[in-house]
Amino acid sequence: MFWTRWYIGICVCVGIAASFICSPASGQDQPATGFHFSLDGQFRYGTISGFVQVPRGGGVGTTSNERPKFDELGINQAAIGVPSLTLGWNNHNLYGGASIIRLSGSNTLSNTLISNGTTFPAGTSVSSDVQLDWYRFGYEYRLTYKYSQASTLSFYPAIGAALFNFDYNLKGISSLSAARSFAKAAPQLGLTSEWNPEGRFSLSGEVFSSLAFSTLPLLLSVDLTGGYQLWGSADHGGIAYLGIGYDLLDEEDNQKVPNHIRASIGPEVVVGLKARF
């Protein structure tokens with residue numbers, strides 16, 4: 001959780017610092033007008049840790065505790081594709097996006113593993129495919145303050161829903177195999193802040209997190225990026241950006257022995273391109 005608090009703290013500090021630089025008292029609200037939309041393509045890459053605990057029917061003895069871990073499956077890095085689309089009218093926006101996380105690896109087990117009721121003895125060569133996709137959609141409202149001729153600070157508080165789509169396949173020799181898949185939804189909150197000073201450079205911070213009460217999944221994504229305006233303006237043009245990020249997925253149900261999937265990904269390199277029309 002250190003990286004989680006660190007990244008969230010950075011985003012909060014950026015927002016506070018920018019607020020002091022351009023307080024609303026020295027500027028005025030600048031509403032967007034008419035229909036507008038944006039396309040965003042993002043790539044995230046970082047170290048992954050965690051595990052996939054998958055029992056059979058919640059039965060005792062049908063899974064090893066907090067195993068298999070990603071590193072014993074030969075999975076140490078995660079690449080994430082994050083496409084998103086936003087449609088807006090004035091300051092009201094509807095957004096949709098996906099985090100596509102597909103992991104594959106192979107290794108030889110050092111210790112005996114039980115997964116989904118199947119026993120994989122120590123020394124077994126295994127291969128695995130793990131899908132940790134999740135999707136988000138919802139509504140956000142834009143609050144923008146203009147504090148000079150070409151400098152703005154914008155906040156986008158958001159509310160919506162997230163859907164976790166999990167799929168797991170583990171294969172070994174002699175037809176040994178284990179598999180599990182399910183999907184689960186949760187409400188989600190988010191906040192994006194953008195600081196566009198005069199010139200081509202900008203700074204952005206973003207936090208999206210599901211509300212993981214009871215047995216709902218925790219789906220958290222945080223990033224801090226610096227952008228460069230390739231063409232047009234901040235509201236109508238193209239921006240390339242580069243920064244750092246962190247993702248956390250944690251799902252645990254209420255069976256006697258629960259399905260428990262946890263993936264901590266970060267620190268991540270974040271690179272992307274956003275076009276606004």
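Quick caveat: nothing in here was measured; it's all calculated off a predicted structure.

Undergrad: Tell me about the overall build of the protein, and please be specific about residues and values.
TA: A count of helical and extended segments in the protein gives 1 helix and 14 strands. Every one of the 277 residues in the protein was classed for burial, and the buried ones make up 48%. Across the protein, every contact between residues at least 6 apart in sequence was considered, and the portion connecting residues at least 24 apart equals 67%. Looking at the protein as shown, the accessible area adds up to about 12,700 Å², and 61% of this sits on carbon and sulfur atoms.

Undergrad: Pulling in residues and values, what's your account of the side chain of Asn-196?
TA: Of note, Asn-196 is situated in strand E10 (residues 177-196). We classify Asn-196 as buried; its relative accessible area is 9%. With sequence-adjacent residues up to four places away left out, Asn-196 is seen in contact with Ala-150, Ser-151, Thr-152, Ser-202 and Ala-234.

Undergrad: Requested: an account of the pattern of salt bridges, with residues and values cited.
TA: Summed over all chains, the structure comprises 12 salt bridges. Between Glu-194 and Arg-276 there is a salt bridge; the shortest N-O distance is 2.5 Å. With a gap of 82 residues between them, Glu-194 in strand E10 and Arg-276 in strand E14 (residues 260-276) connect regions that are remote in the sequence. There is no split in this pair, since Glu-194 and Arg-276 are both buried. A salt bridge links Asp-250 to Arg-262; the shortest N-O distance between them is 2.7 Å.

Undergrad: Any chance you could break down unusual backbone geometry for me, citing the residues and the numbers?
TA: Residue Arg-67 is joined to Pro-68 through a cis peptide bond whose omega torsion reads 0 degrees. Mapping Pro-68 onto the fold places it in the loop between strand E2 (35-53) and strand E3 (77-89). Going from Gly-266 to Pro-267, the amide bond is cis rather than trans, its omega being 0 degrees. With respect to the helices and strands, Pro-267 occurs in strand E14. Residues other than glycine seldom take positive phi values, yet Asn-116 does so here, at roughly 50 degrees. For Asn-116, the location among the structural elements is in the loop between strand E5 (113-115) and strand E6 (118-120).

Undergrad: Got a sec to walk through the packing of aromatic side chains? Specific residues and values, please.
TA: In total, this model carries 9 aromatic pairs according to the counting rule given. Seen from their ring centres, Phe-35 and Phe-37 are 6.1 Å apart, and the 35 degrees between their planes marks the pair as tilted. Relative accessible area serves as the criterion here: at 52%, Phe-35 is assigned to the exposed category. Feature note: the residues Phe-164, Phe-166, Tyr-168 and Phe-182 constitute an aromatic cluster, connected by ring pairs. Arg-136 extends its terminal NZ or CZ atom over the ring of Phe-208, reaching a point 4.0 Å from the ring centre.

What counts as what
Residues numbered from 1 in each chain as written. Predicted model: local features only at pLDDT ≥ 70, side-chain atom pairs only at ≥ 80, totals over all residues. Heavy atoms only, no water. Helix = DSSP H or I, 4+ residues; strand = E, 2+ residues; numbered from the N terminus. Buried < 20%, exposed > 50% of the residue type's maximum accessible area, 1.4 Å probe, protein only. Contact = heavy atoms within 4.5 Å. Areas by Shrake-Rupley, 256 points an atom, 1.4 Å probe, with all protein chains shown as cover. Salt bridge = Lys/Arg side-chain N within 4 Å of Asp/Glu carboxyl O. Phe/Tyr/Trp six-rings, centres within 6.5 Å; stacked < 30°, edge-to-face > 60°. Lys NZ or Arg CZ within 6 Å of the ring centre and 35° of its normal.

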